[in-house]
Amino acid sequence: MSAATSTAGGSPGQGTWLIRGARPLGGTPADILIEGESIAEVTPAGAGRDRGAGRPVTVLDGDGLIVLPGLVDLHTHLREPGREDAETVASGTAAAALGGFTAVHAMANTEPAADTAGVVEQVWRLGVAAGYCDVRPVGAVTAGLAGTQLAELGAMADSAARVRVFSDDGQCVADATLMRRALEYVKAFDGVIAQHAQEPRLTKGAQLNEGVMSARLGLAGWPAVAEEAIIARDCLLAAHVGSALHVCHVSTAGSVEIIRWAKSKGWQVTAEVTPHHLLLTDDLAAGYDPVYKVNPPLRTAADVAALRAGLADGTIDCVATDHAPHPVESKETEWAEAAFGMTGLETALRVVHEAMVNTGLLDWSCVADRMSARPAAIGRLTGHGRPVAPGEPASIVLYDPAAVATVDPSAHASRSRNTPFAGLKLPGQVVATFLRGRPTVLDGKLAS
Ligand SMILES: [Zn+2]
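Every value quoted in this text rests on a predicted model; they were computed, and no experiment measured them.

Draft legend 1. Focus on the coordination of the zinc ion. Every protein donor of the zinc ion is listed here as Asp 169 (OD), His 196 (ND1) and His 249 (NE2), and their distances to the metal cover 1.9 to 2.2 Å. For the zinc ion, the donor residues sit on a single chain with the sequence spacing D-x26-H-x52-H. In this pair, His 196 sits in the loop between β11 (192-195) and β12 (208-209) while His 249 sits in the loop between β14 (245-247) and α7 (253-264), placing the two residues 53 residues apart along the sequence. For the pair His 196 and His 249, a shared accessibility class is recorded, and that class is buried.

Listed below in structure tokens is the structure:
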């Protein structure tokens, strides 16, 4: 069902909005009044019928819809500057809004890399200009992501982009001394180092999870221990220096165990899992279709089960998309030649719905926690991940849980089409997204 819009106040924009009968966090139906940038009132459905009387008010029929706080992605590749053929800040954040996101963290492996105040400010300004969601640049840990010397972490933190998350994602900070120094450095401004955990000497030439499938296909295997060894090392380093580590895209059952152990010690360790690692396995590589080629690789059904359980019990803090757009020529080629990565912003909530809600592992209130509140906290991002309550920023998503549709990449706003979910029937539909009281998405389409 789509939300019928009856407008008494001109074109969509900031103003007064009344969302009738939608269910905050999947609970009891309520009327939600938005005034300016904030939620003004949340009242039992029907009680708010005459609210906004005397003012121009746009009414949305929220019957059957769930209201969640705007989603926050800790791990998005927007590709600008440098690879605008794959994605731009504008196209990537449009995709984010359509997926229900109100904030994304833009990874640093652009060309040039986001390793100076100048580049992170450029990305941040492009996000403001596009206006679809808040863009928080992630700063590189090492200059040029080369893994040899620290980037200008302090200058990026002090810049207009106010960088708090640093990562060489795409590359692992393999040098333990550099990783230790980075963890020490960011303590001064409450920063966090987000590690792409992959011991490079164990994954030279690796193409696919090391196991039955890699052996059958004759592709070089990618052992779980390459990820787990770095996570274990970094948890120990974070504890040693008393700093904050975030583990990107956890993909193995063993990694979940190590993070559970580190958390039991009270160390400042957080972790994310991607939607694709929650739903897909390496069996899909049987046809050599590079749309399933990703770093870290798809793993086994036992790993998927452990990742789901880890997200459900909070060992894994949050879902992050690792949205990694690539042009057609980089993906529609032989497996060994193809680029690693999958798009994910426009399908993330629907995949989590399928993998976690329809399996009974998470309710909608926990989805709000894992896809909004916790990633906002890890990113040191105020103004996002807030409750759906009066006085809070009106950054929310309206989601129809009863919808079912086949994923059609040609309808995506992303410039790239490399989604592994193409043709898959998934539940749910993002109906509307609001960023501080202004709709970025209405009736499932970008609001102009
Ligand atoms: Zn990565």
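Draft legend 2. Structural view of the sheet that holds strand β9 (residues 134-137). The strand order β7-β8-β9 describes an open sheet built from 3 strands, whose pairing is parallel. Edge positions in the sheet fall to β7 (71-76) and β9, since each of these pairs with one other strand and no more. Here the average twist between neighbouring strands, direction ignored, is 20°.

Draft legend 3. Looking closely at the nonpolar core. Counting residues in each nonpolar core, the largest one holds 75 residues, and the members touching the most others are Phe 166, Leu 349, Val 367 and Met 371. With 18 residues, the next largest nonpolar core counts Ala 22, Ile 39, Ala 394 and Ile 396 among its residues.

Draft legend 4. Structural context of the pattern of salt bridges. Overall, the coordinates contain 15 salt bridges when judged by the stated rule. Put simply, Glu 184 and Arg 180 hold a salt bridge, and the shortest N to O gap is 3.1 Å. Here Glu 184 pairs with Arg 180, and both are found in helix α4 (residues 176-186), just 4 residues apart, close to one helical turn. Here Arg 180 falls in the partly exposed class, since its relative accessible area comes to 34%. Linked through salt bridges whose partners overlap, the residues forming this network are Lys 263, Asp 317, Asp 369, Arg 370 and Arg 374.

Draft legend 5. Seen up close, the side chain of Arg 350. As for its placement among the helices and strands, Arg 350 is situated in helix α11 (residues 348-357). As a buried residue without a salt bridge, Arg 350 has its nearest oppositely charged side chain in Glu 354, at a separation of 8.7 Å. Reaching out from Arg 350, the side chain makes a polar contact with the backbone oxygen of Gly 428 at a distance of 3.0 Å.

Draft legend 6. Quick look at the packing of aromatic side chains. A full pass over the atoms with the stated rule returns 6 aromatic pairs. A ring pair is formed by Trp 364 and Tyr 399, whose centres lie 5.4 Å apart and whose planes are at 55°; its orientation type is tilted. On the criterion of sequence distance, the pair formed by Trp 364 in helix α12 (residues 364-378) and Tyr 399 in strand β17 (residues 396-406) is long-range, its members being 35 residues apart. Side by side, Trp 364 and Tyr 399 carry an identical accessibility label, which is buried. Across the ring face of Phe 340, the terminal group of Lys 293 is positioned such that the distance to the ring centre comes to 4.6 Å.

Draft legend 7. Main features of the packing of helix α1 (residues 89-98) against helix α2 (residues 117-130). Two elements in contact, α1 and α2, have axes whose closest approach is 9 Å; the angle formed by their N-to-C orientations is 60°. Relative to α2, the element α1 lies oblique. The hand of the α1/α2 crossing is right-handed. The segment α1 lies against α2, with Val 89, Ala 90 and Thr 93 engaging Val 123, Leu 126, Gly 127 and Ala 130. Here the contact of α1 with α2 is built from residues that sort into 5 nonpolar, 2 polar and no charged.

Draft legend 8. Broad picture of α4. For α4, the complete set of buried residues consists of Leu 178, Met 179, Ala 182, Leu 183 and Val 186. Down the axis of α4, the sector holding all buried residues measures 135°, keeping them to one side. Close packing links the buried residues of α4 with α3 (153-158), β10 (165-166), β11, α6 (224-241) and β14. Where α4 begins, one side-chain oxygen reaches toward the backbone nitrogen of Thr 177, 2.8 Å away; that side chain belongs to Asp 175.

Draft legend 9. The arrangement of unusual backbone geometry in detail. With an omega dihedral of 10°, the bond running from Glu 80 to Pro 81 counts as a cis peptide bond. Mapped onto the elements, Pro 81 comes out in the loop between β7 and α1. Between Glu 111 and the following residue, Pro 112, the backbone shows a cis peptide bond with an omega angle of 5°. Here Pro 112 shows up in the loop between β8 (101-106) and α2.

Draft legend 10. Region of interest: the side chain of Asp 282. Inspection of the secondary structure assignment puts Asp 282 in the loop between α8 (275-279) and α9 (301-313). Lacking a salt bridge, the buried Asp 282 has Arg 299 as its closest oppositely charged neighbour, with an N-O distance of 7.7 Å. When residues no more than four places from it in sequence are discounted, the contact partners of Asp 282 are Leu 208, Asn 209, Met 213, Leu 298, Arg 299 and Thr 300.

About the criteria used
- Residues numbered from 1 in each chain as written.
- Predicted model: local features only at pLDDT ≥ 70, side-chain atom pairs only at ≥ 80, totals over all residues.
- Heavy atoms only, no water.
- Donors = N, O, S within 2.8 Å, 3.2 Å for Na, K, Ca; no water.
- Helix = DSSP H or I, 4+ residues; strand = E, 2+ residues; numbered from the N terminus.
- Buried < 20%, exposed > 50% of the residue type's maximum accessible area, 1.4 Å probe, protein only.
- Pairing = 2+ DSSP bridges.
- Axes fitted to C-alpha atoms, helices over the stretch in contact; angles between N-to-C directions.
- Core = buried A, V, L, I, M, F, W, Y, C linked by side-chain atoms within 4.5 Å.
- Salt bridge = Lys/Arg side-chain N within 4 Å of Asp/Glu carboxyl O.
- Lys, Arg positive; Asp, Glu negative; His and termini not counted.
- Polar contact = N/O pair within 3.5 Å; in protein donor to acceptor, adjacent residues only side chain to side chain.
- Phe/Tyr/Trp six-rings, centres within 6.5 Å; stacked < 30°, edge-to-face > 60°.
- Lys NZ or Arg CZ within 6 Å of the ring centre and 35° of its normal.
- Parallel < 35°, antiparallel > 145°, perpendicular 65-115°, else oblique.
- Left-handed = near helix turned anticlockwise from the far one by under 90°.
- Contact = heavy atoms within 4.5 Å.
- Nonpolar A, V, L, I, M, F, W, Y, C, P; charged D, E, K, R; others polar.
- Arc of directions from axis to C-beta.

Geometry only, nothing functional implied.
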